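Secondary and tertiary structure notes
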Amino acid sequence: MISNKAKWSAEFLGTFWLTFGGCGSAVLAAAFPGVGIGLLGVSLAFGLTVLTGAYALGPISGGHFNPAVSIGLVVGKRFSAAELPGYIASQVLGAIAAAALLYLIVSGKSDFQGVGGFATNGYGKNSPGGFSMLSVLVCEVVMTAIFLVVILGATAKKAAGGFGGLAIGLCLTLIHLVSIPVSNTSVNPARSTGPALFAQTGALGDLWLFWVAPIAGAVFGALIYNVLLADER
């Protein structure tokens, strides 16, 4: 039996890796002169962190790395509600630790003048494309709902064995390809919280939406899967 300590450590490390790898690619590599990876590269980076984390740490904790996913899995009857507090705390702490380390690295640049947006999520003036609060809310709910449907489907008993992590990682990549211009893509309250604590754009004021929308989307996605797609025969 896997201990809570091991599960919480896996969720901390997985969320740390997702935040550091994904946000780090946006902050350090997206616009680097001459070789910047751009939107496509950042999207792929987020997908790869989940893919690699799922295979390395999933056997220990289930590989949630996201409070919305944990809540959605409870609604989907794949996870115990009693374990939620420990998972969510570990995920948020992992994201904060990653953002702190990324801040330390960025602040060591010779011409450092602040971190600016720091890969944070936002709406209105804090949206990369200037999208409204309603647009961002709808986008985040829909994207997270689809993410949960994919997670539940790819990890179902009848799913192809061993490919769940690949499907989930590619789904997150696609989500980022679509929604980075809208909200800088959250679908993950922990990922949003860590960078927001260090940003200079007032991202903390927008943070509530990136808890409410992903959690609502995760619940909707789990309900959609259970009611319309699950086969219990």
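Now for a quick tour of the structure. All of these numbers come straight from a predicted model, not from anything done at the bench.

Concerning the packing of aromatic side chains
According to the stated counting rule, one finds seven aromatic pairs in the structure shown. Between Tyr 123 and Trp 208, the ring centres sit 6.3 Å apart and the planes meet at 75°, which makes this aromatic pair edge-to-face. Placement of the pair is Tyr 123 in the loop between α4 (84-106) and α5 (133-154) and Trp 208 in the loop between α7 (189-196) and α8 (209-229), with a sequence separation of 85 residues. Grouped by ring-pair contacts, the aromatic residues Tyr 103, Phe 112, Phe 118 and Phe 198 constitute a single cluster.

Overview of the pattern of salt bridges
On inspection of all chains with the given rule, the structure shows one salt bridge. In this structure, Lys 7 engages Glu 83 in a salt bridge whose closest nitrogen and oxygen atoms are separated by 3.2 Å. Of this pair, Lys 7 sits in helix α1 (residues 4-29) while Glu 83 sits in the loop between α3 (67-75) and α4; the two residues are 76 residues apart in sequence, bridging distant segments of the chain. Residue classification places Lys 7 among the buried positions, given a relative accessible area of 16%. By relative accessible area, Glu 83 is classed as partly exposed at 22%.

Some details on α3
Since the α-helix advances by 3.6 residues per turn, residues separated by three or four positions end up pointing in the same direction. Most of α3 is tucked away: seven of the nine residues are buried. All of the buried residues along α3 are Pro 67, Ala 68, Val 69, Ser 70, Ile 71, Gly 72 and Leu 73. Packing partners of the buried residues in α3 comprise α4, α5, α7 and α8. With a side-chain oxygen positioned 2.9 Å from the backbone nitrogen of Ala 68, the residue opening α3 is Asn 66. Once α3 finishes, Lys 77 follows within two positions and takes phi at roughly 65°, a positive value.

A closer look at α7
Of all eight residues making up α7, eight are buried, and the element is well covered by its neighbours. Buried residues in α7 make contact with α1, α2 (38-61), α3, α4 and α8.

Some details on the environment of Pro 85
Considering the arrangement of structural elements, one finds Pro 85 in helix α4. On a C-alpha basis, the gap between Pro 85 and Trp 8 in space is 10 Å, while along the polypeptide they are 77 residues apart.

Considerations on the side chain of Gln 91
Tracing the chain through its elements places Gln 91 in helix α4. Residue Gln 91 is classed as buried on the basis of its relative accessible area, which comes to 0%. Gln 91 has contacts with Glu 11, Thr 15, His 64, Phe 65, Asn 66, Pro 67, Ser 70 and Ala 190, leaving out every residue within four places of it along the chain.

What counts, and at which threshold
- Residues numbered from 1 in each chain as written.
- Predicted model: local features only at pLDDT ≥ 70, side-chain atom pairs only at ≥ 80, totals over all residues.
- Heavy atoms only, no water.
- Phe/Tyr/Trp six-rings, centres within 6.5 Å; stacked < 30°, edge-to-face > 60°.
- Helix = DSSP H or I, 4+ residues; strand = E, 2+ residues; numbered from the N terminus.
- Salt bridge = Lys/Arg side-chain N within 4 Å of Asp/Glu carboxyl O.
- Buried < 20%, exposed > 50% of the residue type's maximum accessible area, 1.4 Å probe, protein only.
- Contact = heavy atoms within 4.5 Å.
- Polar contact = N/O pair within 3.5 Å; in protein donor to acceptor, adjacent residues only side chain to side chain.

Without other data, these values stay purely geometric and don't point to any function.
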